[in-house]
Amino acid sequence: MIQPQTHLNVADNSGARELMCIRIIGASNRRYAHIGDVIVAVIKEAVPNMPLEKSEVIRAVIVRTCKELKRDNGMIIRYDDNAAVVIDQEGNPKGTRVFGAIARELRQLNFIKIVSLAPEVL
Amino acid sequence: MRLEKCWFCSSTIYPGHGIQYVRNDAKIFRFCRSKCHKNFKMKRNPRKVKWTKAYRRLHAKDMTQDSTFEFERKRNRPERYDRNLAENTLKAIKKIDKVRVDREARHHALRMKGKKAKEQREATKELEQSIHMVKAPAVLQQEPSLTLPKIKVKVAHQQSEENHPMEE
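These figures come from a predicted structure and were not determined experimentally.

1. So, the overall build of chain B
(1) Moving on: Assigned secondary structure in chain B consists of five helices and four strands.
(2) Moving on: Going from the N terminus to the C terminus, chain B shows its helices and strands as β-β-β-β-α-α-α-α-α.
(3) Moving on: Principal-axis analysis of the C-alpha atoms places the extent of chain B at approximately 80 × 60 × 40 Å.
(4) Moving on: Classification of the 168 residues of chain B by burial places 17% in the buried group.
(5) Moving on: Counting only contacts in chain B whose residues sit at least 6 apart along the sequence, the fraction spanning at least 24 positions is 40%.
(6) Moving on: Per element, the accessible surface of chain B, about 15100 Å² overall, is 53% carbon and sulfur.

2. Looking at helix H3 (residues 83–112) of chain B
(1) Moving on: The terminal C-alpha atoms of H3(B) lie 44 Å apart, and with 30 residues this matches the ideal 44 Å at 1.5 Å per residue to within 8%.
(2) Moving on: Two residues or fewer past H3(B), B:Gly114 is found with a positive phi of approximately 85°.

3. What to know about the pairing of strand S2 (residues 16–24) of chain A
Residues and elements named next belong to chain A.
(1) Moving on: Pairing between strand S1 (residues 7–10) and S2: three bridges, direction antiparallel. Bridging across to S2, Asn 9 finds its partner in Glu 18.
(2) Moving on: Taken together, S1 and the strand that follows it, S2, pair antiparallel across an intervening segment of five residues, in which Gly 15 is found at a positive phi of about 120°.
(3) Moving on: With seven bridges joining them, S2 and strand S3 (residues 38–46) adopt antiparallel strand pairing. Following the sheet pairing, Cys 21 is matched in S3 by Ala 41.

4. Some thoughts on the pattern of salt bridges
(1) Moving on: Applying the stated rule across the entire model yields 16 salt bridges over all chains.
(2) Moving on: Here A:Arg64 and A:Asp81 are joined by a salt bridge, their closest N and O atoms 3.0 Å apart. Placement of A:Arg64 in strand S4 (residues 57–64) and of A:Asp81 in the loop between strand S6 (76–79) and strand S7 (83–87) is noted, with a sequence separation of 17 residues between them.
(3) Moving on: Using a relative accessible area of 10% as the deciding quantity, one classes A:Asp81 as buried.
(4) Moving on: As a salt-bridge pair, B:Arg56 and B:Asp62 come within 3.1 Å of each other at their nearest N and O atoms.
(5) Moving on: Through salt bridges with shared partners, one network takes in B:Lys5, B:Glu72, B:Asp97, B:Arg100 and B:Glu104.

5. Let's talk about the sheet that holds S2(A)
(1) Moving on: Taken together, the five strands give a closed barrel; going around it, the order is S1-S2-S3-S4-S7 (chain A), and neighbouring strands pair in mixed fashion. Going across the sheet, the axis of each strand differs from the next one's by a mean of 55°, ignoring polarity.

6. A look at the confidence of the model for chain A
(1) Moving on: In this model, chain A carries a mean pLDDT of 93, and residues with pLDDT of at least 70 account for 100%.
(2) Moving on: Taken element by element, the predicted model of chain A shows its lowest mean pLDDT in strand S9 (residues 120–121) of chain A (91) and its highest in S1(A) (96).

7. Some thoughts on unusual backbone geometry
(1) Moving on: Unusually for a residue other than glycine, A:Asn49 sits at a positive phi of about 60°.
(2) Moving on: Here A:Asn49 is to be found in the loop between S3 and S4.
(3) Moving on: A residue is classified by how much of its surface remains accessible, and A:Asn49, at 79% relative accessible area, is exposed.
(4) Moving on: Backbone geometry at B:Ser10 places phi at a positive 65°, although glycine is not the residue there.
(5) Moving on: Structurally, the position occupied by B:Ser10 is in the loop between strand S1 (4–5) and strand S2 (12–13).

Cut-offs applied
- Residues numbered from 1 in each chain as written.
- Chains lettered and ligands numbered in written order.
- Predicted model: local features only at pLDDT ≥ 70, side-chain atom pairs only at ≥ 80, totals over all residues.
- Heavy atoms only, no water.
- Helix = DSSP H or I, 4+ residues; strand = E, 2+ residues; numbered from the N terminus.
- Buried < 20%, exposed > 50% of the residue type's maximum accessible area, 1.4 Å probe, protein only.
- Contact = heavy atoms within 4.5 Å.
- Areas by Shrake-Rupley, 256 points an atom, 1.4 Å probe, with all protein chains shown as cover.
- Expected span 1.5 Å × (residues − 1).
- Pairing = 2+ DSSP bridges.
- Salt bridge = Lys/Arg side-chain N within 4 Å of Asp/Glu carboxyl O.
- Axes fitted to C-alpha atoms, helices over the stretch in contact; angles between N-to-C directions.
- pLDDT = per-residue confidence, 0-100.

What follows is the structure, given as structure tokens:
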């Protein structure tokens, strides 16, 4: 349940450390974003000497949420933090590595590159 | 489909039940119900919580080692489907469960044994010391045994019962 003003960790090595959600892409009045949704975010904290800098507005896809994710087979999964991976307009990740566990839902949503880079897909 | 074990209480989690919590180091904690999940969030150690299997095994209340536990080991290689194998496995599961339950019952009985003599001694002592609670001292003088006096209760004699079907 990510909404504007939510701070998210960054799960890749693109250079950003922390993002703040500004807007949810998809529908005009959408309240919350879940795993697999694309958001517009501003970089609140960045690693020095990287292409991405603080106060840059970028797009990201949410890969982990503290709010439970419900699957059709009845499985309910809860992660430990809210995390996103920085992507470009097409949906390709800007970084080259992804950290932490990634939800399997991203594969259906065509974020194949992220899923393939993930150390653990749950 | 796989039947998992609850991380906290060690009961089986059937599909559609419980919550899985994935920690940032990708360790998965499965819980069978919110009771176990809440206890986990409270950072309770299951080995110290009396009703969990972990506690009971640790304190030897339940069987710890048995050959029937070997059959339940986690297997990661899927078997090619073979009807005979599946049939035999199902039969074996039933039999193994029965054996395991019998052994657990025996373990429990063994644990509870050795109490009869103690209970008997306690009962006789209580009777000797507290006989005045149930038997008046006057009666005790007449009858100095420890048997309780017979009490006669008068019951109002009922007339022959008539069957009253539901009258309107």
